[in-house]
Amino acid sequence: GQLLACAILKVIPSGDGGDLDDQEEEGVWAELGCLAVNPRHRNQGRGEAMLGYLQRLALNMGVRYLFCLSTHTMQWFVERGFKEVPVHVLPESRMQAYNWKRNSKCFLKPLSNTRDLDAQELFWGA
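Summary of the structure given here. From a predicted model like this one, the values you see are computed outputs, not experimental measurements. (Residues numbered from 1 in each chain as written. Predicted model: local features only at pLDDT ≥ 70, side-chain atom pairs only at ≥ 80, totals over all residues. Heavy atoms only, no water.)

Turning next to the state of the cysteines. Summed over the entire model, instances satisfying the criterion amount to zero disulfides. Residue Cys6 stays outside any disulfide, its sulfur separated by 7.1 Å from that of Cys34, the closest cysteine. For Cys6, a relative accessible area of 33% corresponds to the partly exposed category. No disulfide involves Cys106; its sulfur sits 8.7 Å from the nearest other cysteine sulfur, which is in Cys68. (Disulfide = S-S within 2.5 Å. Buried < 20%, exposed > 50% of the residue type's maximum accessible area, 1.4 Å probe, protein only.)

In structure tokens:
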């Protein structure tokens, strides 16, 4: 067997939600991390498949807000419905662990239902 892609989905403990528009949002948050695709299998939809799977998994776990940090693939996340947000929007525990030296950009995507995800995925790569 060969590793095609990998990622981590880390659910943030309840009560440690992020801060949107200076108002604490109700709902569970999760971080998408370490999304990587084997170089031999890039440009074949593996990253999109992994993201789609993890978004559905997050929804099934009750996650309403999915965020990620990136230093290299910002446009890829934007093209898939994430919006860049300031660091202070992150959940408190993640904000405290943020590495300012890496200067990662923060991206956030609200999750509502699988039907919306299906519709968004139709336009990935379009």
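A separate point is the pattern of salt bridges. What the rule picks out here adds up to five salt bridges. Measuring nitrogen to oxygen at the nearest pair gives 2.8 Å for the salt bridge that ties Glu31 to Arg94. Separated by 63 residues along the polypeptide, Glu31 in strand β4 (residues 28–37) and Arg94 in helix α3 (residues 92–97) bring together distant segments of the chain. Taken as a pair, Glu31 and Arg94 share a single burial class, namely buried. With a shortest N-O distance of 2.7 Å, Arg56 and Glu121 are connected by a salt bridge. (Salt bridge = Lys/Arg side-chain N within 4 Å of Asp/Glu carboxyl O. Helix = DSSP H or I, 4+ residues; strand = E, 2+ residues; numbered from the N terminus.)

Another aspect to go through is helix α1 (residues 46–60). The terminal C-alpha atoms of α1, which comprises 15 residues, lie 21 Å apart, in line with the 21 Å expected from a rise of 1.5 Å per residue. Turning to α1, its buried residues are Gly47, Met50, Leu51, Gly52, Leu54, Gln55, Ala58 and Leu59. As for α1, its buried residues are in contact with β1 (5–11), β4, β5 (63–70), α2 (74–78), β7 (105–110) and α4 (114–121). One or two residues past the end of α1 sits Gly62, with phi positive at roughly 90°. (Expected span 1.5 Å × (residues − 1). Contact = heavy atoms within 4.5 Å.)

Spatially, β1-β4-β5-β7-β6 is the arrangement adopted by the five strands of the open sheet, whose pairing is mixed. Looking at which strands have only one partner, the edges of the open sheet turn out to be β1 and β6 (83–85). Strand-to-strand, the axes of this sheet are offset by a mean angle of 35°, without reference to chain direction. Note that β5 and β7 share six bridges and pair antiparallel. (Pairing = 2+ DSSP bridges. Axes fitted to C-alpha atoms, helices over the stretch in contact; angles between N-to-C directions.)

At their nearest, the axes of α1 and α4 sit 10 Å apart, and the two run at 165° to each other. The orientation of α1 with respect to α4, classified from their angle, is roughly antiparallel. Handedness of the crossing formed by α1 with α4: right-handed. Counting all contacts with α1, which are made through Gly52, Gln55, Arg56 and Leu59, the residues of α4 involved are Thr114, Leu117, Asp118 and Glu121. Partitioned by chemical class, the residues of the contact of α1 with α4 number two nonpolar, three polar and three charged. (Parallel < 35°, antiparallel > 145°, perpendicular 65-115°, else oblique. Left-handed = near helix turned anticlockwise from the far one by under 90°. Nonpolar A, V, L, I, M, F, W, Y, C, P; charged D, E, K, R; others polar.)

Turning our eyes to something else, we now look at the nonpolar core. Note on soluble globular proteins: their nonpolar side chains tend to be buried together. In terms of nonpolar packing, the biggest core is built from 19 residues, with Leu9, Leu32, Leu66, Cys68, Phe77, Phe82 and Leu111 touching the most fellow members. Every element with two or more residues in this core is listed here: β1, β4, α1 and β5. Considering every element that reaches this core, the biggest residue donor is α1, with five residues. Excluding residues that lie within four positions of it along the chain, Cys68 makes contacts with Leu32, Phe77, Phe82, Lys105, Cys106 and Phe107. Counting residues in each nonpolar core, the second largest holds 11 residues, with Phe67, Leu90, Tyr98 and Leu108 among its members. (Core = buried A, V, L, I, M, F, W, Y, C linked by side-chain atoms within 4.5 Å.)

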